[in-house]
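Fold and contact review
The chain contents come next:
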Amino acid sequence: MSNVELDVLRGRLDEINGQLLELISERAKIVQEIGVVKEKQGVPKFDPEREKKMLDQLVASNKGPFTNGTIRSLFKQIFSASLDLQSDEHKKTLLVARKSHKEDTVIVLPGDVTVGGSSSLMVAGPCSVESELQTRTVAAALQKAGVRVMRGGAFKPRTSPYDFQGLGMDGLRILREAANDYGLLTISEIVDPRHIEESLDYVDIIQIGARNMHNFELLKAVGEVNKPVLLKRGLAATLDEFIHAAEYIMSRGNTQIMLIERGIRTYEKATRNTLDISAVPILKQECHLPVLVDVTHSTGRKDILIPCAKAALAAGADGIMVEVHPDPATALSDAAQQLNIDEFNTFFNEVKASGLYR
Ligand SMILES: O=C(O)C(=O)C[C@]1(C(=O)O)C=C[C@@H](O)C=C1
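Residues numbered from 1 in each chain as written. Predicted model: local features only at pLDDT ≥ 70, side-chain atom pairs only at ≥ 80, totals over all residues. Heavy atoms only, no water.

The protein appears in an unreviewed UniProt entry as Chorismate mutase from Paenibacillus etheri.

If you want it as structure tokens, here you go:
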């Protein structure tokens, strides 16, 4: 075949490519319209029966030279791209999506403590509120270190029902009183919608734990109160599920949401969970919400908290959460992974010295 013949044939292909592009783009616009209709109807985007029907029609009309299998494969890719388009379109409309809110959300806590703004946030405190003495000892140390937000669990979702379950409302009271005396804000996990109203007097931030990221009734309930919420990523939650969990909260009116990456469950045993550092830039890109990283629960180890915190901040995290206990060896939960006060001070000083902590 001469070059001239080749060029002529390629010229025809270029024309057909252009026609195909026009047709595929026109098809995509219709797919987007269908996506909007499905969203309004609340029906799933994926419709396997519809796809099968179209493939069967196409194969029945196929006169070659592509085999039926190739035709099916080509159109399945078009259908898959169509679903992605519908999903992306849906994400565009999410209230938490960056596409619907270009600027970073900055949450202003009492005392002008900001989350998601120009400064990093350190959240520290015991896994569980165990006693007044324990909590006040940590509060004093945190105040001295310049930490503004103290965490402390009062309702503890534990793997075993025989493990320490937390002090409940008494725990929240102890946390609040200690925080008040040392000029700190409080964050604590709420696990039951019935506790939300009463907890509002004790917490400055409601934490939704990893195991409750899929508890949609709890998400809706905290979405209806005017209180900042820290939403933890589920143990095996995809980022898409995590983002939609935040959407559950925001869709009810509460816009003060911060996300926290706390590690995901993988096959790796060297750490308690696998800290998914890539989640930080992805969440910052996909959403306008502040993103924190829980280095304690993700790693389950003390010896790698400093590099993990630095990595989190370098990846764009707006803050770090870490567990601190006066005497971790005697802690009623997470004994192995809590820092004592000296260890915390070293940790915090190293993180600040990195220049990554704003
Ligand atoms: O017809 C629909 O319901 C669509 O959403 C469109 C479409 C398509 O690309 O044709 C896309 C995804 C579905 O799984 C089925 C079909």
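Read on, since the account is not over.
So, the sheet that holds strand β9 (residues 291–294)
Strand order in the closed barrel formed by eight strands is β3-β4-β5-β6-β7-β8-β9-β10, and the pairing between neighbours is parallel. The sheet shows a mean angle of 25 degrees between the axes of neighbouring strands, direction not considered. Sheet topology places strand β3 (residues 121–125) next to strand β4 (residues 149–151); two bridges connect them, and they run parallel. In the strand pairing of β4, A124 is matched with M150. (Pairing = 2+ DSSP bridges. Helix = DSSP H or I, 4+ residues; strand = E, 2+ residues; numbered from the N terminus. Axes fitted to C-alpha atoms, helices over the stretch in contact; angles between N-to-C directions.)

Observations regarding the side chain of T296
Among the structural elements, T296 can be located in helix α10 (residues 295–299). Of note is the side chain of T296, whose polar atom sits 2.9 Å from the backbone nitrogen of E323. Residues in contact with T296, not counting those within four places in the same chain, are R301, L305, M321, V322, E323 and Q337. (Polar contact = N/O pair within 3.5 Å; in protein donor to acceptor, adjacent residues only side chain to side chain. Contact = heavy atoms within 4.5 Å.)

Quick look at the environment of D334
Here D334 shows up in the loop between β10 (319–323) and α12 (341–353). For D334, a relative accessible area of 16% translates into the label buried. Spatially, the C-alpha atoms of D334 and T255 are 31 Å apart, while their sequence positions differ by 79 residues. Each residue touching D334, except ones within four places of it in the same chain, is listed here: C127, R272, H297 and E323. Among the polar contacts made by the side chain of D334, one reaches the side chain of R272 at a distance of 3.5 Å. (Buried < 20%, exposed > 50% of the residue type's maximum accessible area, 1.4 Å probe, protein only.)

Describing helix α4 (residues 132–145)
Quick reminder: α-helices carry 3.6 residues per turn. Residues three or four places apart thus point the same way. A rise of 1.5 Å per residue sets the reference length of α4, with its 14 residues, at 20 Å; its end C-alpha atoms lie 20 Å apart and thus fit the reference within 8%. Of the positions making up α4, those classed as buried are Q134, T135, V138, A139, A141, L142 and A145. Looking straight down α4, one finds its buried side chains confined to an arc of 165 degrees; they lie on one side. When the buried face of α4 is taken as reference, the exposed residues oriented beyond 90 degrees from it are L133 and K144. On its buried face, α4 sits against β3, β4, α5 (169–181) and α12. G146 lies just past α4 and shows a positive phi near 90 degrees. (Expected span 1.5 Å × (residues − 1). Arc of directions from axis to C-beta.)

What to know about the domain arrangement of the protein
Domain annotation of the protein identifies domain 1 (1–89) and domain 2 (98–354). Taken over C-alpha atoms, the centre of domain 1 sits 46 Å from the centre of domain 2. (Domains from an automatic or database assignment.)

Some remarks on the site of the ligand
Among the 14 residues in the neighbourhood of the ligand, the closest are listed as R27, K38, D47, E51 and Q86. Between R27 and the ligand, the recorded distance is 2.8 Å, taken from a side-chain N or O atom to an oxygen atom. Within the side chain of K38, one N or O atom sits 2.7 Å away from an oxygen atom of the ligand. When the ligand is considered free in solution it has 360 Å² of accessible area, and contact with the protein chains removes 93% of it. (Near = heavy atom within 4 Å. Areas by Shrake-Rupley, 256 points an atom, 1.4 Å probe, with all protein chains shown as cover.)

Thoughts on the confidence of the model for the protein
Predicted confidence across the protein gives a mean pLDDT of 95, with 99% of residues reaching 70 or more. Across the whole predicted complex the pTM is 0.78, and at the interface the ipTM reaches 0.97. (pLDDT = per-residue confidence, 0-100.)

Describing the nonpolar core
Residues I206, L231, V322, F344 and F347 are the most contacted members of the largest nonpolar core, which totals 71 residues. For this core, the leading source of residues is helix α8 (residues 239–250), giving seven residues. Excluding residues within four positions of it along the chain, V322 makes contact with M122, V123, A124, G125, R151, V295, T296, L305, L339, F344 and F347. With 15 residues, the next largest nonpolar core counts L109, V115, I260 and L292 among its residues. (Core = buried A, V, L, I, M, F, W, Y, C linked by side-chain atoms within 4.5 Å.)

Structural notes on unusual backbone geometry
Most peptide bonds take the trans form, and the phi angle of most residues other than glycine is negative. Backbone torsion omega between G64 and P65 reads 5 degrees, so that peptide bond is classified as cis. A positive phi angle, near 60 degrees, is found at D112, a position not held by glycine. Here D112 shows up in the loop between β1 (107–109) and β2 (113–115). Positive phi, close to 50 degrees, is recorded for D334, a residue that is not glycine.

Thoughts on the pattern of salt bridges
With the rule as written, the count across this model stands at 21 salt bridges. K45 serves as the salt-bridge partner of E39, at 2.7 Å between the closest nitrogen and oxygen. The exposure class of E39 is partly exposed, given its relative accessible area of 36%. When its relative accessible area of 18% is taken as the criterion, K45 is described as buried. Its salt-bridge partner being E224, residue R252 comes within 2.8 Å of it at the nearest N-O pair. Highlighted residues: R252 in the loop between α8 and β8 (257–261) and E224 in the loop between α7 (216–223) and β7 (229–232), separated in sequence by 28 residues. Exposure remark for E224: the relative accessible area of 54% places this residue in the exposed category. Each of E132, D170, R173 and E177 takes part in salt bridges that share partners, so that together they form one network. (Salt bridge = Lys/Arg side-chain N within 4 Å of Asp/Glu carboxyl O.)

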